[in-house]
Amino acid sequence: MKGQKRIRDFYSSIGSMKTGNKNSITDVPGVKVGHVTLDDGEIKTGVTAIIPHGRNLFKEKVVGACHVINGFGKSLGLVQIEELGNIETPIILTNTLSIGAAHEGLVKYMLSMDKDIQSLNPIVCECNDGYLNDIRGLHVKDFHISEAIKNASSEFEEGNVGAGTGMMCYGLKGGIGTSSRIVNLDNREYIVGILVLSNFGIMDDFMINGKFVGKELKDIINSENQRDDKGSIILIVATDIPLSSRQLKRVIKRVNPGIARTGGFIGHGSGEIAIGFSTGNIIKHQEEKEILDIKIIDESKINKVFRATSEATEEAILNSLICSDTTIGRSGHKVYSLASFFHEF
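These numbers were taken from a predicted model, which means no experiment stands behind them.

Colleague: Mind showing me how you'd approach the overall build of the protein chain here?
Modeller: The secondary structure content of the protein chain amounts to seven helices and 16 strands. Relative to the globule expectation of 20 Å for 345 residues, the C-alpha radius of gyration of the protein chain, 19 Å, shows essentially globular dimensions. Along the first, second and third principal axes, the C-alpha set of the protein chain runs to 65 × 45 × 35 Å. In the protein chain, which comprises 345 residues, the share counted as buried stands at 59%. When the accessible surface of the protein chain is summed, it comes to about 14300 Å², and 47% of that surface belongs to carbon and sulfur atoms. Distance between charge centres in the protein chain, computed from 39 positive and 42 negative side chains, equals 3 Å.

Quick look at the structure:
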């Protein structure tokens, strides 16, 4: 993030709402992100970890929700989020064939952090980086998960790093992107932050701020990377606004217009999955009371949160593209960075 050119270095604004200080998911207090990047010849893959807060997450769970937009995906942990409405582990992103290693690594990490754990719900999401990465080589190992978690910080790189190392988006180099928006409620500023792992879309459809730039790009770039939309996007929504799990589920559905604003139409073979958490309510693993006090938003004011989610999603996707570098991966496959062509439009 620090020192990287982002979409606002080329466009003064995306949407109308104000961003947080870093324009990042880590503007939500306590949230951190860490990467492990595996980038060596035909190996273009890695791990990204999202940490909701810095305490024992198993003992102090956050309110959670998930939304499957199109279910062509292999994510782990969604069933329990849907049923219980909370999240009790870091969220791990990696490639499709490495979800097993990521699951084992996350379990080992959590067991090392808490001697009382007998059961937990590890959350792992994936996109397929097989065009650029030797995905069949299974290069992500379980120990990379704890490394990514230990690397977590409020400042992190975007683009082709971590889980985004081998990803493509709209026929260009995609990967990790983030953005945030400020929401004012009861004279207090709250944050909605988005992190995406982008690996979807067709170049013809690509838009920036309502302009179809993909058609111009297609005239310049070799058509080798123009495929049917068989990619995926994982979207992590974080906020400190107090929400119930039901309200949070409504909020994270608003990533859909953000995806559409960049040109995505949610293809048949694409795995679009959103996971959200709110740090505004903490659910203790062992509560002392039988009746709990939970704060929630007045739902007549929730449109502010919907707009924030949509705008931040759009900008996070664009940041995942503009922050990525041109990459040559498996079998000599070459994918260009959006930044390489910005002077064209």
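Colleague: How do you make sense of the side chain of glutamate 158 when you look at a structure like this?
Modeller: Considering the arrangement of structural elements, one finds glutamate 158 in the loop between helix 3 (143–150) and strand 7 (168–169). Owing to a relative accessible area of 1%, glutamate 158 belongs among the buried residues under this scheme. Of note is the side chain of glutamate 158, whose polar atom sits 2.9 Å from the backbone nitrogen of threonine 178.

Colleague: Teacher, can you tell me more about a nonpolar patch on the surface here?
Modeller: Where nonpolar side chains cluster on the molecular surface, the patch consists of Leu292, Ile294 and Ile296 and spans about 260 Å² of accessible area. Summarising the element assignment, leucine 292 is placed in the loop between strand 14 (271–284) and helix 7 (303–322). Looking at leucine 292, the relative accessible area reads 37%, which means it is partly exposed.

Colleague: Teacher, can you tell me more about the environment of glutamate 82 here?
Modeller: Locating glutamate 82 in the fold gives a position in helix 1 (residues 78–84). Taking relative accessible area as the criterion, glutamate 82 reaches 47% and is therefore assigned partly exposed. C-alpha of glutamate 82 to C-alpha of threonine 26: the two residues are 56 residues apart in sequence and 24 Å apart in space. If we skip the residues at most four places from it in the chain, glutamate 82 touches Cys66 and Lys249. Engagement of the side chain of glutamate 82 in a polar contact is seen with the side chain of lysine 249, the distance being 3.0 Å.

Colleague: What is the right way to read the pairing of strand 9 (residues 176–185) from this model?
Modeller: The side chains of a regular strand alternate, residue by residue, between the two faces of the sheet. When you tally the buried positions in strand 9, you get nine out of ten residues, the bulk of the element. Relative to strand 10 (residues 188–199), strand 9 runs antiparallel, the two sharing ten bridges. Looking at strand 10, one finds that arginine 181 is bridged to valine 192. Counting the residues that bridge the hairpin from strand 9 to strand 10 gives two residues, and of these aspartate 186 lies at a positive phi of roughly 50°.

Colleague: Where do I start with the sheet that holds strand 5 (residues 91–95) in this structure?
Modeller: Through backbone hydrogen bonds, the strands of a sheet pair up, either in parallel or in antiparallel fashion. In space, the four strands of this open sheet follow the order 1-2-5-6, with mixed pairing throughout. The two strands at the open ends of the sheet, each matched to only one other strand, are strand 1 (32–40) and strand 6 (123–127). The mean angle between the axes of side-by-side strands here comes to 15°, regardless of whether they run parallel or antiparallel. Where strand 5 meets strand 6, five bridges bridge the pair, whose relative direction is parallel. Paired with isoleucine 91 across the strands is isoleucine 123, a residue of strand 6.

Colleague: Please clarify how unusual backbone geometry should be interpreted in this entry.
Modeller: Keep in mind that most residues, glycine aside, have a negative phi and that most peptide bonds are trans. Phi at asparagine 23 takes a positive value of approximately 50°, unusual for a residue other than glycine. Along the polypeptide, asparagine 23 turns up in the segment before strand 1. The phi dihedral of tyrosine 170 falls on the positive side, at around 55°, and the residue is not glycine. Relative to the helices and strands, tyrosine 170 resides in the loop between strand 7 and strand 8 (172–173). Note on tyrosine 170: relative accessible area 0%, which makes it buried.

Colleague: How do you make sense of the pairing of strand 2 (residues 43–51) when you look at a structure like this?
Modeller: In terms of residue burial, strand 2 counts as a mostly covered element, since eight of its nine residues are buried. Pairing of strand 1 with strand 2 involves nine bridges; the strand directions are antiparallel. Note that in strand 2 the partner of aspartate 40 across the bridge is isoleucine 43. Here strand 1 hands over to strand 2 after two residues, with glycine 41 in that stretch at a positive phi of 65°. In terms of strand pairing, strand 2 meets strand 5 through three bridges, oriented antiparallel. Residue isoleucine 50 lies in a different strand from strand 5, and its bridge partner there is isoleucine 91.

Parameters at a glance
- Residues numbered from 1 in each chain as written.
- Predicted model: local features only at pLDDT ≥ 70, side-chain atom pairs only at ≥ 80, totals over all residues.
- Heavy atoms only, no water.
- Helix = DSSP H or I, 4+ residues; strand = E, 2+ residues; numbered from the N terminus.
- Rg over C-alpha atoms; globule rule 2.2 N^0.38 Å.
- Buried < 20%, exposed > 50% of the residue type's maximum accessible area, 1.4 Å probe, protein only.
- Areas by Shrake-Rupley, 256 points an atom, 1.4 Å probe, with all protein chains shown as cover.
- Lys, Arg positive; Asp, Glu negative; His and termini not counted.
- Charge placed at Lys NZ, Arg CZ, Asp CG, Glu CD.
- Polar contact = N/O pair within 3.5 Å; in protein donor to acceptor, adjacent residues only side chain to side chain.
- Patch = residues over 30% accessible without salt bridge, like charges linked within 9 Å, V, L, I, M, F, W, Y side chains within 5 Å.
- Salt bridge = Lys/Arg side-chain N within 4 Å of Asp/Glu carboxyl O.
- Contact = heavy atoms within 4.5 Å.
- Pairing = 2+ DSSP bridges.
- Axes fitted to C-alpha atoms, helices over the stretch in contact; angles between N-to-C directions.

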